[in-house]
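Each chain is listed here by its residues.
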Amino acid sequence: MRRCILITGGAGFIGSHVVRLFVNKYPEYDIINLDKLTYAGNLANLKDIEDRPNYTFVKADIADFDTVYALMKERKVDGVIHLAAESHVDRSIKDPFTFARTNVIGTLSLLQAARLCWEEEPAAADAPRRLFYHISTDEVYGSLQMDSPLFKESNKYEPHSPYSASKASSDHFVRSFHDTYGLPTVVTNCSNNYGPYQFPEKLIPLFINNIRNRKPLPVYGKGQNVRDWLYVEDHARAIDVIFHKGRIGETYNIGGFNEWKNIDLIKVLIDTVDRQLGRPEGADRDLITFVTDRAGHDLRYAIDSTKLKEELGWEPSLQFEEGIEKTVKWYLDNQAWLDNVTSGDYQAYYDSMYKGR
Ligand code: NAD
Ligand code: TYD
């Protein structure tokens, strides 16, 4: 019997890398990508695999329980990898309700659909294990001081932004379905991802695009906040390993052991873009523009992924310098993709965000 895996949010940044990896690596699995195609979802991210026989795209909202349930029932889905979410902190500050609806109610709708489908049709004894795999973020743990130890799986939840509060809530619902109904679940909390196909409202693609176009780089506060950066394909590899071998009911942290202060990272970006464009190195450093800080801006995130390494042998494969080089090259080579996703509504939103900052 073929496996059928439902990947939600597969038209987004991380989801598109996960869909590509699974479609290419597992021709014996049927992969369904369910995505609402919000501003952040783009089927152009999956052009290279869209005609594969083991791939189906379904445009739907995860919060639409009836549609999700009917799809899972009809296709006999036996694994869920749940990435669909509203994912940008700045948007969550402006519009928290959308985050509660998608991230909390949407996750609950998927959990309930999986539970009912799997209770109604018990798995055959020789079937592969069923799993509901929920992708979450390190932001649920709150903010670290500069000298605090890295986030471990045992850290308490202390979300500060509406985004991280909605993700924390969804994580709690996932664990509650494991504990209450015995749903086979795994949760992972990952640090900041970077790489191709990231929507250019997040720091790295936004700044690469602005440097290229010689537009100001809006650095929040003094640029002293720290993030732990992981190349997106390394995250997709971790998801593959955990989907197949992670222990049911467990949480795994995924991170790059790669902390950067924003301002230092931004200087690396400027130098890399300038060099790749043949401009004098550092010529664009005067684009740095310090602006009003983000409300409730978490000082530092940093993940300890020792448990994942010790239990399942995963660790990041790419050095940061190499990852940034590849990432800058990808955005410079794919200007049409950037122009496409930043046209229209997004540009109006961006202008409204930064006016007066
Ligand atoms: P993204 O914003 O690039 O993509 C989100 C995708 O979800 C889009 O394709 C969008 O169309 C889809 N979507 C949104 N609302 C939906 C709905 N109601 N129904 C169906 N589809 C919907 O996000 P991303 O950066 O790829 O993040 C993916 C997941 O990983 C999220 O759950 C996020 O919380 C988590 N995460 C992201 C990072 C990061 O650095 N980007 C780090 C850790 C965890
Ligand atoms: P972001 O990519 O939004 O990810 P997150 O807030 O989820 O970590 O931002 C990364 C860091 O960069 C964060 O400290 C906020 C900062 N930042 C800026 O200084 N300017 C910007 O325009 C953006 C988008 C982010």
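Going by the structure above, here's the rest.
Bear in mind the structure is a predicted one, so any value in this text is a computation, not a measurement. The numbering scheme is per chain: residues are counted from 1 as the chain's sequence reads. A letter from A marks each chain and a number from 1 marks each ligand, given out in the order of writing. In view of the model being predicted, local features appear only for residues whose pLDDT reaches at least 70, and side-chain atom pairs are presented and counted only at 80 or more, with totals across whole chains, interfaces and linings using the full set of residues. For side-chain calculations, the full set of non-hydrogen atoms in the structure is used, while hydrogens and water are omitted.

A.B. asks: Account for the overall build of the chain, naming residues and giving values.
C.D. replies: The helix and strand inventory of the chain stands at twelve helices and twelve strands. We compute the radius of gyration over the C-alpha atoms and compare it with the globule rule, which gives 2.2 Å times the number of residues raised to the power 0.38. Against the globule reference of 21 Å for 357 residues, the chain gives a C-alpha radius of gyration of 20 Å, in line with a compact fold. Taking contacts inside the chain between residues at least 6 apart in sequence as the whole, the part at least 24 apart equals 83%. For accessible areas, the Shrake-Rupley method is used with a probe of radius 1.4 Å. Any residue's cover is judged against the shown protein chains and nothing else. Split by element, the accessible area of the chain, about 14,800 Å² in all, is 52% carbon and sulfur. The charge count treats Lys and Arg as positive and Asp and Glu as negative. His and the chain ends do not count. The atoms used to mark charge sites are NZ of Lys, CZ of Arg, CG of Asp and CD of Glu. Within the chain, one finds 43 positive and 51 negative side-chain charges whose respective centroids are separated by 1 Å. Counting from the N terminus, the helices are the DSSP runs of H or I reaching at least four residues and the strands are the DSSP runs of E reaching at least two. Contact between two residues is taken to exist if any of their heavy atoms lie within 4.5 Å; hydrogens are not considered.

A.B. asks: For the site of ligand 2, give the residues involved together with the corresponding values.
C.D. replies: Among the 19 residues in the neighbourhood of ligand 2, the closest are listed as Glu-139, Pro-218, Arg-227, Arg-294 and His-297. The definition of a polar contact used here is a pair of N or O atoms within 3.5 Å, where within protein one atom must be able to donate a hydrogen and the other to accept one, and adjacent residues in sequence count solely through side-chain atom pairs. Arg-294 has a polar side-chain atom sitting 2.5 Å from an oxygen atom of ligand 2. Protein chains shield 98% of the accessible area of ligand 2, which is 520 Å² for the free molecule. Elements represented by at least two residues in the shell around ligand 2 include exactly α6 (203-212) and β8 (217-220). When we say a residue is near a molecule or strand, we mean one of its heavy atoms is within 4 Å of it.

A.B. asks: Got a sec to walk through the pattern of salt bridges? Specific residues and values, please.
C.D. replies: Salt bridge, as used here, is a side-chain nitrogen of Lys or Arg placed within 4 Å of a carboxyl oxygen of Asp or Glu. Counting across every chain of the model gives 28 salt bridges. Between Arg-3 and Asp-78 there is a salt bridge; the shortest N-O distance is 3.3 Å. Taken together, the residues Arg-3 in strand β1 (residues 3-8) and Asp-78 in the loop between α2 (65-75) and β4 (79-82) connect sequence positions 75 residues apart. Between Lys-309 and Glu-315 there is a salt bridge, with the nearest N and O atoms lying 3.5 Å from each other.

A.B. asks: Talk me through the site of ligand 1; I want residue IDs and the actual numbers.
C.D. replies: With respect to spatial proximity, 28 residues lie near ligand 1, and among them Ile-14, Asp-35, Ser-87, Tyr-163 and Lys-167 are the closest. The contact in question runs from an oxygen atom of ligand 1 to an N or O atom on the backbone of Leu-37, over 3.5 Å. Between ligand 1 and the protein, one listed contact pairs an oxygen atom with a backbone N or O atom of Asn-193 at 2.8 Å. Coverage of ligand 1 by the protein chains reaches 97% of its 830 Å² of free accessible surface. Breaking the shell around ligand 1 down by element, the ones donating at least two residues are α1 (13-25), β5 (131-137), α5 (162-181) and β7 (192-194).

A.B. asks: Provide a residue-level description of the sheet that holds strand β3 (residues 55-59), including the pertinent values.
C.D. replies: Strand pairing is assigned whenever DSSP detects at least two bridges linking the two strands. As summarised here, the arrangement of the seven strands in space is β3-β2-β1-β4-β5-β6-β10, forming an open sheet in which the pairing is parallel. Edge positions in the open sheet fall to β3 and β10 (251-254), since each of these has one partner strand only. Neighbouring strand axes in the sheet, compared pairwise and without regard to direction, differ in orientation by 20° on average. Sheet topology note: the strand β2 (residues 29-35)/β3 ladder contains five bridges and is parallel. Bridged to Asp-35 within β3 is Lys-59. Against the sheet, α2 touches β1, β2, β3 and β4, its axis set at about 170° to β2. Interaxial angles span 0 to 180 degrees and are taken between N-to-C directions of axes, which are lines fitted to C-alpha atoms, for helices over the stretch in contact. Strand contacts of α5: β5, β6 (185-190) and β10, with the helix running at about 155° to β5, the strand carrying the most contacts.

A.B. asks: Could you give an account of the packing of aromatic side chains, with specific residues and numbers?
C.D. replies: Each Phe, Tyr or Trp ring (for Trp, its six-membered ring) is paired with any other whose centre lies within 6.5 Å, and the angle between the two planes then decides the class: stacked below 30 degrees, edge-to-face above 60, tilted in between. This structure, assessed with the given rule, holds 19 aromatic pairs. Measuring from ring centre to ring centre gives 6.3 Å for Phe-99 and Tyr-163, while their planes differ by 80°; the resulting arrangement is edge-to-face. Of the two residues, Phe-99 is situated in helix α4 (residues 96-120) and Tyr-163 in helix α5; the sequence distance between them amounts to 64 residues. A 1.4 Å probe rolled over the protein chains alone gives each residue an accessible area, and that area as a share of the maximum for its type sets the label: buried under 20%, exposed over 50%, partly exposed in between. What makes Phe-99 buried here is its relative accessible area of 2%. Taking relative accessible area as the criterion, Tyr-163 reaches 9% and is therefore assigned buried. Aromatic pair Tyr-141 and Phe-151: ring centres 5.1 Å apart, planes at 35°, arrangement tilted. Of this pair, Tyr-141 sits in the loop between β5 and α5 while Phe-151 is found in the loop between β5 and α5, placing the two residues ten residues apart along the sequence. For Phe-151, a relative accessible area of 1% gives the class buried. Cluster of aromatic residues (ring-pair linked, three or more members): Tyr-194, Trp-229, Tyr-231, Trp-260 and Phe-320. Arg-115 extends its terminal NZ or CZ atom over the ring of Tyr-181, reaching a point 3.8 Å from the ring centre. A positively charged side chain is recorded as over a ring if its NZ (Lys) or CZ (Arg) lies within 6 Å of the ring centre. The angle to the ring normal must also be within 35 degrees. Note that Lys-222 overlies the ring of Phe-290, its terminal NZ or CZ placed 5.5 Å from the centroid.

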